[in-house]
Amino acid sequence: MIRTVESAPHVSAPVLAAYSYCEAVTGQQARNFAYGIRLLPTPKRRAMSALYAFSRRVDDIGDGALTDDVKFARLQDTRTLLDRIREDALGDDDTDPVGVALTHAARHFPIPLDGLDELIDGVLMDVRGEAYETWDDLKVYCRCVAGAIGRLSLGVFGTEPGARGAERAPEYADTLGLALQLTNILRDIREDAEGGRVYLPADDLAKFGCSAGFSGPMPPEGSDFAGLVHFEVRRARALFAEGYQLLPMLDRRSGACVAAMAGIYRRLLDRIERDPEAVLRGRVSLPGREKAYVAVRGLSGLDARHVTRRAVRRRA
């Protein structure tokens, strides 16, 4: 069973400042995750913001305009910082607020920091420009950049005492991460193509006549682009259905956080399914008011109960 500390421990002024920095990064840059993180009690909210800020730093290195050599060097520097965090070698007065905040969070929550090593490994795949022949190949990447984040987050959330099947909680957290990442990949098809990246498996692209890639606002000539998108949407929905089995294992506010984050992505998936070519015209997104509505539903448990019942019916 994974358990966490609910009460807020004493936090020094430098650590509070470090957490405030991480929360500002989360509020400004986490377009979707911030809505769920806000639902958490203070200690968990701070710890999740520290995790997000570290992960954001890693992602920004991979996505930036630096040369590959500089990216490799900076990712190695970040891994060195992670080693220091893992060894609890950063003092409260260290000059890196993300390192200070994550060190404090790791002292108070059983966060599996090796997941951040996996994230760095996944971003290195991006820097090397790796492509994926099959879904099994792509899953390796998705588990690094998203499944690992699910498992890291579970270290903060914990599971409820006596939760049935709690030994599978890391597996479900990982699967939810895959669902979110596949949704990201569908949403960002054109943006990624413009950056020279293709994530969808080559086998799937060939099956639907899309091997030529995505160079503009229209599907490749002669392709079944809608068929490709619907195929991947079904795969993502199956991942969501499996991953949502995590929710009954969490306390109310942690479950609300997960339901809000996953609910926003499921609604993105709905929009993509209704209009597959929209992802070629620009980034598909939800307005802030709809994200806030999903967060409220998450806090009420409505989305969680709805999706969990559907998952049970499918297994039956």
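Here the structure is shown first, and the text comes after it.
Throughout what follows, the structure given in this document is the object of discussion. (Residues numbered from 1 in each chain as written. Predicted model: local features only at pLDDT ≥ 70, side-chain atom pairs only at ≥ 80, totals over all residues. Heavy atoms only, no water.)

Okay, the layout of surface pockets next. There is about 1300 Å³ of room inside the largest pocket. The wall of the largest pocket is formed by 46 residues, among which Arg 56, Asp 59, Gln 181, Asn 184 and Tyr 265 lie closest to the centre. Every element with two or more residues in the lining of the largest pocket is listed here: helix H1 (13-29), helix H2 (33-37), helix H3 (42-63), helix H6 (114-128), helix H7 (135-157), helix H8 (169-187), helix H9 (189-194) and helix H12 (252-274). Residue composition of the lining of the largest pocket, by class: 24 nonpolar, 11 polar and 11 charged. (1 Å grid on protein atoms, 1.4 Å probe; cavity = no way out; pocket = protein on both sides within 12 Å on 5 of 7 lines; lining within 4 Å. Points joined across faces, edges and corners; volume = space filled by probe spheres on them. Helix = DSSP H or I, 4+ residues; strand = E, 2+ residues; numbered from the N terminus. Nonpolar A, V, L, I, M, F, W, Y, C, P; charged D, E, K, R; others polar.)

Moving on, we come to the packing of aromatic side chains. Under the definition given, this model contains 5 aromatic pairs. Note on Phe 33 and Tyr 265: the rings are 6.0 Å apart at their centroids and 40° apart in plane angle, and the pair reads as tilted. Taken as a pair, Phe 33 in helix H2 and Tyr 265 in helix H12 lie far apart in primary sequence, 232 residues in all. Judged by relative accessible area, Phe 33 falls into the partly exposed class, the value being 24%. Taking relative accessible area as the criterion, Tyr 265 reaches 5% and is therefore assigned buried. On the basis of an interplanar angle of 35° and a centroid distance of 5.6 Å, the ring pair of Tyr 132 and Tyr 141 is categorised as tilted. You can call Tyr 132 buried: its relative accessible area is 4%. (Phe/Tyr/Trp six-rings, centres within 6.5 Å; stacked < 30°, edge-to-face > 60°. Buried < 20%, exposed > 50% of the residue type's maximum accessible area, 1.4 Å probe, protein only.)

Function cannot be read off these values alone, since they describe shape.
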